[in-house]
Amino acid sequence: MRRGEFGLVLRQTLFDGKYTDNDVALQEARTDSATSRLYAIADDISLDIVKAYLDVIYQREVLMLSEENLQVHQRIQDQIRLRSDAGVGRRADLDQINARVALVEANLIASKVNVQDAITTYKRRTGVEPEEILEPVPSVKESLPAEVEEAIELGKGENQVLRQAGFDIEAANAANRAAGSNDYPFIYLEVTGNLNNDLDGTDGHYNDATAMLKMQYNLYNGGRDQAKKKQTAYQIQEASEIRNRTVRQIEEEIRLAWAALQATEMQLEQLQKQVEFSIATREAYSKQFNIGQRTLLDLLNTDNELYDAKVSLAGAKSDNLYAQYRILAAMGKLTNTMNIDLTALNDIPLKESEE
């Protein structure tokens, strides 16, 4: 005899305790969470690049001011040296200006190192060297709300880290609902057909077909289902606490950046006045020094005050711009304001794993 067996089973799930629906919701929430995390990382990277860009501009400006300061000191040094050689100047004045020139040269060396550090950081952030002449960073103050409370409310709705936390809560809730699917029976429709020949050494065909509505109910599996529901319930609490902490962090970041913005705005006005007054004082002291009404120390002090005022003004401008971009980043609007197209990331092919 030649034994032969052929069987076909068709099964259609009718009810699974909504496990499939909840699992789909879980995976959708995970996908949305990953997308929000991608956008959050993009905001962080964009802010880091803005900071690196501003630092390069600031350090280059400080270097330029240091070079100008050195030139001013060297010019005074030449004047004092001529007076000393002519016998109308004091040796102490020459020693004093020589000491000041040495100090300014040391500061210039430090400024050059700071420029290289800023360039290195910029290259690490962007992968390219900064251009010799960088365009000024535009102000985005018009994109900011009028009040800090409004900025906080916008941040709670648009910040990508907070959106990620919200999707994580949705995922945890879906996982919890899926864990409870075994509390319900599993119902399905099953259609089977069998074509058999010469079974068990008996000559003949044995064929059958059935269509049945079946139900399976898991009455006990060692407490696994209860443990799974308890675990997912804890995950919901954890995700909720993460979201609450994120809300507090966003509010703190916006308030800190807003305070920095207001402080630098008030500083800019005063520092600009300081620079203008220092320039006027420097010109007046220079004329008075030439006619013997001011000492060399007075003249050098005015030069240093002018240099410090210009450096402080440059730093305040940089800090003011960075505070504006910090607020945008905390609000979740930085990449949109900078017109960065993140949809291009969808076209990047995934790297195949190496075997």
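Residues numbered from 1 in each chain as written. Predicted model: local features only at pLDDT ≥ 70, side-chain atom pairs only at ≥ 80, totals over all residues. Heavy atoms only, no water.

A. Looking closely at the packing of aromatic side chains. Scanning the entire structure with this criterion turns up 3 aromatic pairs. Both rings, one in Phe-15 and one in Tyr-184, keep their centres 6.1 Å apart while their planes meet at 90°; by these two values the pair is edge-to-face. Linking Phe-15 in strand S1 (residues 4-15) with Tyr-184 in the loop between helix H4 (160-179) and strand S2 (186-197), this pair joins segments that are 169 residues apart in sequence. Here Tyr-53 and Tyr-122 contribute two aromatic rings whose centre-to-centre distance is 6.2 Å and whose plane-to-plane angle is 55°, an arrangement assigned as tilted. Residue Tyr-53 is found in helix H1 (residues 19-86), and its partner Tyr-122 is found in helix H2 (residues 91-126); the two are separated by 69 residues along the sequence. The pair formed by Tyr-53 and Tyr-122 is uniform in burial state, with each residue classed as buried. (Phe/Tyr/Trp six-rings, centres within 6.5 Å; stacked < 30°, edge-to-face > 60°. Helix = DSSP H or I, 4+ residues; strand = E, 2+ residues; numbered from the N terminus. Buried < 20%, exposed > 50% of the residue type's maximum accessible area, 1.4 Å probe, protein only.)

B. Structural context of the confidence of the model for the protein. Averaged over every residue, the pLDDT of the protein is 88; the share at 70 or more is 95%. The secondary structure element of the protein with the lowest average pLDDT is helix H7 (residues 334-337), at 86, and the one with the highest is H4, at 94. (pLDDT = per-residue confidence, 0-100.)

C. Structural context of the nonpolar core. Counting 31 residues, the largest nonpolar core has Val-137, Ile-254, Tyr-325, Ile-327 and Leu-334 as the members making the most contacts within it. Among the elements of the structure, H1, H2, helix H3 (148-158), helix H5 (224-290) and helix H6 (296-331) are those that each provide at least two residues to this core. Non-local contacts of Val-137, meaning those with residues more than four positions away in its chain, are made with Tyr-53, Leu-54, Ile-57, Leu-321 and Tyr-325. (Core = buried A, V, L, I, M, F, W, Y, C linked by side-chain atoms within 4.5 Å. Contact = heavy atoms within 4.5 Å.)

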